[in-house]
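What follows is the residue order along each chain.
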Amino acid sequence: MSGPGEQGGAVPGPAKQPEVSGVDLARVALRAAKEQARARGAAAQQKKQARRGGGLRSGARSDGRDPLPLGSAINRLITERGWETPAAVGGVMGRWPQIVGEDLANHCVPVRYDEDPAERVLTVQCDSTAWATQLRLLAPQLVARLNADLGHGTVRMIKVLGPGGPQRTFGPLRSPGSKGPGDTYG
């Protein structure tokens, strides 16, 4: 017998597994037989389906081909297409009065969102120049509030548009070089 520090010249190798016997041997054999039967059953099922002229069919268990509730299907589509940010900004457009307040929401409406990573601009149209000026003054706080709601960096800037002029109609009397009523609104 050798002592604890002696190796006896043997090269250390992997630890020797104890012999499997009795109940343990039966369990290992049963597990291997079940796996083989499952593999044979799956192969036989695929052959049977192929002979019938179809691929896999939906059965009693749910799989990826089963119908989904509408909300789950939309969430899955948004995630697959990478539309999280535009969808979140669209939600902001729907909740605009709660975010900016009723007074501002009555006079300023979000028009579009440029999702280009370099831009990320929310464009807002106001019904008067006074409200446009007010929104320009509140823009930094509004950007901070939107980013807190949507995630940091979602909106970098708010572009404020003033009121649009009346519909441009060109009548018979017009001075050369004039834009018509658009001259006033500019």
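Remember, it's a predicted structure, so these values are computed and weren't measured experimentally. (Residues numbered from 1 in each chain as written. Predicted model: local features only at pLDDT ≥ 70, side-chain atom pairs only at ≥ 80, totals over all residues. Heavy atoms only, no water.)

Some details on the overall build of the protein chain
For the protein chain, the helix and strand inventory stands at seven helices and three strands. The order of α-helices and β-strands along the protein chain, N terminus first, is α-α-α-α-α-β-β-α-β-α. (Helix = DSSP H or I, 4+ residues; strand = E, 2+ residues; numbered from the N terminus.)

Comments concerning the nonpolar core
One finds Trp 96, Leu 122, Leu 135, Leu 142, Leu 146 and Ile 158 to be the most contacted residues of the largest nonpolar core, which totals 21 residues. Where this core is concerned, the elements lending two or more residues are helix H3 (84-94), helix H4 (96-100), helix H5 (102-107), strand E1 (108-114), strand E2 (121-126), helix H6 (129-150) and strand E3 (157-161). Setting aside its immediate chain neighbours within four residues, Ile 158 contacts Leu 122, Val 124, Ala 139, Leu 142, Val 143 and Leu 146. (Core = buried A, V, L, I, M, F, W, Y, C linked by side-chain atoms within 4.5 Å. Buried < 20%, exposed > 50% of the residue type's maximum accessible area, 1.4 Å probe, protein only. Contact = heavy atoms within 4.5 Å.)

Some words on the pattern of salt bridges
Using the criterion set out here, one finds two salt bridges in the structure. Among the salt bridges present, the one from Glu 80 reaches Arg 76, with a minimum N-O distance of 3.3 Å. Taken together, the residues Glu 80 and Arg 76, both in helix H2 (residues 70-81) and four residues apart, mark about one turn of the helix. Close ionic contact of Asp 149 with Arg 95 constitutes a salt bridge, the shortest N to O distance being 2.9 Å. Here Arg 95 lies in the loop between H3 and H4 and Asp 149 lies in helix H6, a separation of 54 residues in the sequence. The class of Asp 149 is partly exposed, set by a relative accessible area of 40%. (Salt bridge = Lys/Arg side-chain N within 4 Å of Asp/Glu carboxyl O.)

Some points on the pairing of E2
Counting buried positions over the six residues of E2 gives five, a clear majority of the element. Taken together, the six bridges between E1 and E2 define a ladder with antiparallel strand orientation. Bridge pairing in E2 places Arg 112 opposite Thr 123. Counted between consecutive antiparallel strands, the loop separating E1 from E2 contains six residues, among which Arg 120 sits at a positive phi close to 50°. Both E2 and E3 contribute to a ladder of five bridges, which runs parallel. From the neighbouring strand, Val 121 faces E3, where its bridge partner is Met 157. At this point the chain moves from E2, through H6, to the parallel E3, and the crossover so formed is right-handed. (Pairing = 2+ DSSP bridges. Right-handed = clockwise from strand over helix to strand, strands pointing away.)

A few points about the confidence of the model for the protein chain
Residues with a pLDDT of 70 or more make up 70% of the protein chain, whose mean pLDDT is 76. Between the elements of the protein chain, mean pLDDT differs from a low of 55, seen in helix H7 (residues 182-185), to a high of 90, seen in E3. Here residues 1-6 scores under 50 on pLDDT; set against residues more than four positions off or in separate chains, the count is zero contacts. (pLDDT = per-residue confidence, 0-100.)

Observations regarding the sheet that holds E1
Taken together, the three strands give an open sheet; going across it, the order is E1-E2-E3, and neighbouring strands pair in mixed fashion. Strands at the two margins of the open sheet, each flanked by one partner only, are E1 and E3. On average, each strand axis in the sheet is tilted by 25° relative to the strand beside it, whichever way the strands run. On the sheet, H3 packs against E1 and E2 and is oriented at approximately 175° with respect to E1. Sheet contacts for H6: E1, E2 and E3; angle to E3, the most-contacted strand, approximately 160°. (Axes fitted to C-alpha atoms, helices over the stretch in contact; angles between N-to-C directions.)

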